[in-house]
Amino acid sequence: LLSLSLFLELAVIRWLAAEVRLFSYFKNLPLLAAFLGLAIGFALIRTTRNYWSEFAPMFGLFVALVLLIGRVISPRALAYPSGGEEFLWFAGDYSYWLALLLFLSVVLIFFLLTVFIFIPLGQAIGKEMTGQEPIRAYIVNLLASLVGIWMFALLSYLQTPPAIWFGMALLGIGLYLAGRRVLSRTAPIIFAAVVVGLVFLGQGSVGSPYHRLDVTELFLPRQSDGEPIKVGYTLRVQQVFYQVAMDLSPESLAKLQ
């Protein structure tokens, strides 16, 4: 479970930065939120209430809001209350207080959601480690953490899409909860909906080992009749324009006449 938690943490950080552009510049925020959620979960191991059943609905809400808010704000100019000492690509010319409000709203929403989805995992890990011999538990903690990190690094190297990341993580967590007889009836439905949604909504994007890449065909009108002619591609990195690749060969230019 610890390996799955570290794996899921890296997947959340990577995916959130790709969908909500603000977190491309502030990746430490979801990292801190995930660690805080795990720590709070560890602190709740002595309580009588188990929060394991809260994971599925909270994760479903997280994914839904990332897809919704990310697709609303990411194509627009970034709201960031910065002075002239910092430069972020495609930042909007908002008033300071409006930019501050939008910035804090986005940060607060996803920071808290990230904390909440890792609290059940932290509590489950803490209960598994309770009663274990300290040194042995610490060694297992380190090795399991490395396994989760290496697994995500491998999937990133293979340029797999987010549906694969979350599909593997949710399958493992689901099997763990089922083994503990705490998997709710709605959890498999939520997990399946998340994976299917990511498959369909992630079409057209390519995952490099580090970033989300969007490659679209570039068309220009032909001078004679205005018919669109494909001349190359447009590349966007983390939903921000990066470059245009055009075929400037004589044969290609002749098609535009």
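Keep in mind the model is a prediction, meaning the values are calculated, not measured. (Residues numbered from 1 in each chain as written. Predicted model: local features only at pLDDT ≥ 70, side-chain atom pairs only at ≥ 80, totals over all residues. Heavy atoms only, no water.)

## Quick notes on the sheet that holds strand 2 (residues 212-221)
Heads up, the rule is: A pair of strands is treated as paired once DSSP finds two or more bridges between them. Segments assigned H or I by DSSP are reported as helices when at least four residues long, segments assigned E as strands when at least two residues long, and all are numbered from the N terminus. Throughout, an axis means a line fitted to C-alpha atoms (over the contacting stretch in the case of helices), and angles, computed between N-to-C directions, take values from 0 to 180 degrees.
Pairing in this open sheet of 4 strands is antiparallel, and the strands run 1-2-3-4 from one edge to the other. Edge positions in the sheet fall to strand 1 (205-207) and strand 4 (240-246), since each has one partner strand and no second. Between one strand and the next, the sheet's axes are offset by a mean angle of 35°, whatever the strand orientation. In this structure, strand 3 (residues 228-237) lies alongside strand 4, joined through 6 bridges in antiparallel fashion. Paired with valine 237 across the bridge in strand 4 is valine 240.

## Notes on the packing of helix 4 (residues 55-73) against helix 5 (residues 96-129)
Each pair of packed helices can be summarised by the angle the axes make with each other and by the distance between the axes. Note the threshold: Convention used here: angles under 35 degrees read as roughly parallel, angles over 145 as roughly antiparallel, angles from 65 to 115 as roughly perpendicular, and any remaining angle as oblique. Put simply, a crossing is left-handed when the front helix is turned counterclockwise from the back one by less than a right angle, and right-handed when it is turned clockwise. Two residues form a contact once any of their heavy atoms are found within 4.5 Å.
One can describe the packing of helix 4 onto helix 5 by two numbers: an axis separation of 9 Å at closest approach and a directional angle of 155°. On the basis of the axis angle, helix 4 is roughly antiparallel to helix 5. Note that helix 4 runs across helix 5; the crossing there is left-handed. Of helix 5, the residues touching helix 4 (which contributes Phe55, Met58, Phe59, Leu61, Phe62, Leu65, Val66, Ile69 and Ile73) are Val106, Ile109, Phe110, Leu113, Thr114, Phe116, Ile117, Pro120 and Leu121.

## Section: unusual backbone geometry
Positioned with a positive phi, glutamine 159 is a non-glycine residue whose angle comes to about 60°. Relative to the helices and strands, glutamine 159 is located in the loop between helix 6 (134-157) and helix 7 (162-179).

## Looking at the side chain of serine 156
Condition: Burial classification: accessible surface area is computed with a 1.4 Å probe over protein chains only, and a residue below 20% of its type maximum counts as buried, one above 50% as exposed, and the rest as partly exposed.
Along the chain, serine 156 falls in helix 6. Judged by relative accessible area, serine 156 falls into the buried class, the value being 8%. Apart from residues no more than four positions distant in its own chain, serine 156 is found in contact with Arg14, Ser208 and Pro209.

## Some thoughts on the pattern of salt bridges
We count it as follows: The term salt bridge refers to a side-chain nitrogen of Lys or Arg lying within 4 Å of a carboxyl oxygen of Asp or Glu.
Inspection of every chain in the model, using the stated rule, returns 5 salt bridges. Between lysine 230 and glutamate 217 there is a salt bridge whose closest N-O contact spans 3.4 Å. Of this pair, lysine 230 sits in strand 3 while glutamate 217 sits in strand 2, and the two are 13 residues apart along the sequence. Bridged by salt links that share partners, the residues Glu19, Arg212 and Asp214 form one connected network.

## Description of a nonpolar patch on the surface
Cut-off, in case you're wondering: Patch definition: residues with relative accessible area over 30% and no salt bridge; like charges joined within 9 Å; nonpolar side chains (Val, Leu, Ile, Met, Phe, Trp, Tyr) joined within 5 Å. Calculation of accessible area relied on Shrake-Rupley with a 1.4 Å probe; when residues are assessed, cover is drawn exclusively from the protein chains displayed.
A contiguous nonpolar patch, built from Ile135, Ile139, Leu143, Leu146, Ile149 and Trp150 and spanning about 600 Å² of accessible area, is present on the exposed surface. Judged by its relative accessible area of 35%, leucine 146 falls in the partly exposed class.

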